[in-house]
Amino acid sequence: MSTVNETTATNAPLANLEEWEDFLKERYPENNVGPNPNKTEDQFRDYENTARPTVREFYRLNHQFQSFDFVRAKRQEFLPLARRKMGIWDAMEFLNTLVDDSDPDTDLSQMEHLLQTAEQIRKDGHPRWFILTGFIHDLGKILCLFGEPQWAVVGDTFPVGAAYSNKIVFPKFFAANPDSQNPEYQTRLGIYEQNCGLDKVIMSWGHDEYLYHAVKDYLPAEALYMIRYHSFYPAHKEGEYDYLMNDQDREMFKWVRAFNPYDLYTKSAQRPNLKELRPFYDDLIKEYFPPVLNW
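Residues numbered from 1 in each chain as written. Predicted model: local features only at pLDDT ≥ 70, side-chain atom pairs only at ≥ 80, totals over all residues. Heavy atoms only, no water.

Right, let's get into the overall build of the chain. When helices and strands are counted, the chain shows 12 helices and 2 strands. Secondary structure of the chain in N-to-C order comes out as α-α-α-α-β-α-α-α-α-α-α-α-α-β. Here the chain holds 295 residues, and the buried ones make up 56% of them. Partitioning the contacts of the chain with sequence separation of at least 6, the portion at a separation of at least 24 is 79%. (Helix = DSSP H or I, 4+ residues; strand = E, 2+ residues; numbered from the N terminus. Buried < 20%, exposed > 50% of the residue type's maximum accessible area, 1.4 Å probe, protein only. Contact = heavy atoms within 4.5 Å.)

So, about the nonpolar core. Soluble globular proteins tend to bury their nonpolar side chains together. Among the nonpolar cores identified, the biggest contains 95 residues, and Tyr59, Phe135, Ile136, Val215, Tyr281 and Trp295 are the most heavily contacted of them. In this structure isoleucine 136 touches Ile88, Leu211, Val215, Leu219, Ile227 and Phe289, once residues within four positions along its chain are discounted. (Core = buried A, V, L, I, M, F, W, Y, C linked by side-chain atoms within 4.5 Å.)

Turning our attention to empty space enclosed by the protein. This structure, assessed with the given rule, holds 4 cavities of 30 Å³ or more. Put simply, the largest cavity is a space of about 80 Å³. The wall of the largest cavity is formed by 12 residues, among which Glu21, His113, Leu114, Asp138 and Lys267 lie closest to the centre. The greatest single-element share of the lining of the largest cavity, amounting to 4 residues, is contributed by helix 6 (residues 110-123). (1 Å grid on protein atoms, 1.4 Å probe; cavity = no way out; pocket = protein on both sides within 12 Å on 5 of 7 lines; lining within 4 Å. Points joined across faces, edges and corners; volume = space filled by probe spheres on them.)

Inspection of every chain in the model, using the stated rule, returns 33 aromatic pairs. An angle of 45° between the planes, with centres 6.2 Å apart, marks the rings of tyrosine 229 and phenylalanine 232 as tilted. Exposure class is identical for tyrosine 229 and phenylalanine 232. Each is buried. What links up through ring pairs into an aromatic cluster is the set Tyr225, Tyr229, Phe232, Tyr241, Tyr243 and Phe253. In this arrangement the basic side chain of arginine 188 is found over the ring face of tyrosine 243, its NZ or CZ atom lying 4.0 Å from the centre. (Phe/Tyr/Trp six-rings, centres within 6.5 Å; stacked < 30°, edge-to-face > 60°. Lys NZ or Arg CZ within 6 Å of the ring centre and 35° of its normal.)

Once that is clear, we can look at the environment of glutamate 26. Mapped onto the elements, glutamate 26 comes out in helix 1 (residues 18-27). A C-alpha to C-alpha distance of 9.0 Å links glutamate 26 and alanine 51, two positions 25 residues apart in sequence.

Looking now at helix 6. In this model helix 6 runs 20 Å from its N-terminal to its C-terminal C-alpha over 14 residues, within 8% of the 20 Å that 1.5 Å per residue would give. Of all the 14 residues making up helix 6, 10 are buried; the element is thus mostly covered by neighbouring parts of the structure. Those residues of helix 6 not exposed but buried are Gln110, Met111, Glu112, His113, Leu114, Leu115, Gln116, Thr117, Ala118 and Ile121. The secondary structure elements touched by the buried residues of helix 6 are helix 1, helix 5 (88-95), helix 7 (128-136), helix 11 (247-265) and helix 12 (274-288). One or two residues past the end of helix 6 sits glycine 125, with phi positive at roughly 80°. (Expected span 1.5 Å × (residues − 1).)

So, on to the pattern of salt bridges. For the coordinates displayed, the defined rule picks out 19 salt bridges. A salt bridge links arginine 52 to glutamate 19; the nearest nitrogen and oxygen atoms lie 3.2 Å apart. Highlighted residues: arginine 52 in the loop between helix 2 (41-50) and helix 3 (53-65) and glutamate 19 in helix 1, separated in sequence by 33 residues. Taking relative accessible area as the criterion, arginine 52 reaches 37% and is therefore assigned partly exposed. One salt bridge connects lysine 141 with glutamate 21, and the closest N-O pair in it is separated by 3.0 Å. A residue pair is termed long-range when its members are at least 10 positions apart, and lysine 141 in the loop between helix 7 and helix 8 (207-215) and glutamate 21 in helix 1 qualify at 120 residues. (Salt bridge = Lys/Arg side-chain N within 4 Å of Asp/Glu carboxyl O.)

The next subject is the confidence of the model for the chain. Looking at the chain as a whole, the pLDDT averages 88, with 88% of positions reaching at least 70. Note on residues 1-9: pLDDT is under 50 here. Beyond four places in sequence and across chains, it has 27 contacts. Note on residues 100-105: pLDDT is under 50 here. Beyond four places in sequence and across chains, it has 5 contacts. (pLDDT = per-residue confidence, 0-100.)

Another aspect to go through is the packing of helix 7 against helix 11. Between two packed helices, what matters for the description is the angle formed by their axes and the separation of those axes. Interhelical geometry of helix 7 versus helix 11 gives an angle of 55° and a closest axis separation of 11 Å. It follows from the interaxial angle that helix 7 and helix 11 lie oblique. Helix 7 and helix 11 meet at a crossing whose hand is right-handed. Touching Trp129, Phe130 and Gly134 of helix 7 are Trp255, Ala258, Phe259 and Tyr262, all from helix 11. Counted by class, the contact of helix 7 with helix 11 contains 6 nonpolar, 1 polar and no charged residues. (Axes fitted to C-alpha atoms, helices over the stretch in contact; angles between N-to-C directions. Parallel < 35°, antiparallel > 145°, perpendicular 65-115°, else oblique. Left-handed = near helix turned anticlockwise from the far one by under 90°. Nonpolar A, V, L, I, M, F, W, Y, C, P; charged D, E, K, R; others polar.)

Time to look at the packing of helix 7 against helix 12. Their axes nearest at 10 Å, the elements helix 7 and helix 12 cross at an angle of 105°. Taken together, the axis directions place helix 7 and helix 12 in an arrangement best described as roughly perpendicular. Here Arg128, Trp129, Ile131, Leu132 and Phe135 of helix 7 come into contact with helix 12, specifically with Phe280, Tyr281, Asp283, Leu284, Ile285, Glu287 and Tyr288. By residue class, the composition of the contact of helix 7 with helix 12 is 9 nonpolar, no polar and 3 charged.

Dropping the structure here:
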């Protein structure tokens, strides 16, 4: 879905946020599970060569501006969670204002897309917390409604303060990032220690990290990993950055990988019946969350 009040190409090279998700589906087809050691460098670059120009521009901006200092500033700006006080349903209705009537591909709301994800998880018999995670996992995209540009809300996430993996799509665009000129940030470990654990690693800024901080006191660890790292494709799809992970990260990434197919491949044109589903999700939300959260 696209953002509202997008007035400059710098903020919104994508016609809608689903362009990024469509690109992910092209990079990682549904039957491609986990890292593929047989994928050659040329095959990986094919995804770059065939990407539509708006997607290339999105990644150019993302890689240029997602510096260590930028991320640190955004964490200071948003992680006090002082923008709004809302319940989960209020946040969902707020997110629904990201619907763009000019999008020709879909007229489903953000809430309906999230319901599709959650309902498939429910159909497959996963735990209640897993269903809830599917329902809320994109709520951090409300950052768009706080005026954040697309490249600071969505996109593949990656560590900042350490050398960039060449498995990150469009790695050449990092040449314009000021961190590429900082020798401290361009070693394999950068500012981190071997196997320090991802909780000590500062990730590029976006909806994953923001939502993680909003809900981290209420959900089990498995759910929090899904939320915080579902866009960390260089790790959970390409097998990169293992040297920064500890044993807990490796164990929990089984859940991140289990969640990924529901994130990418459950959208359809069939509209879920919110009226019928609302009582189930009311109970589920009340089971885990207080009436109001800080955002």
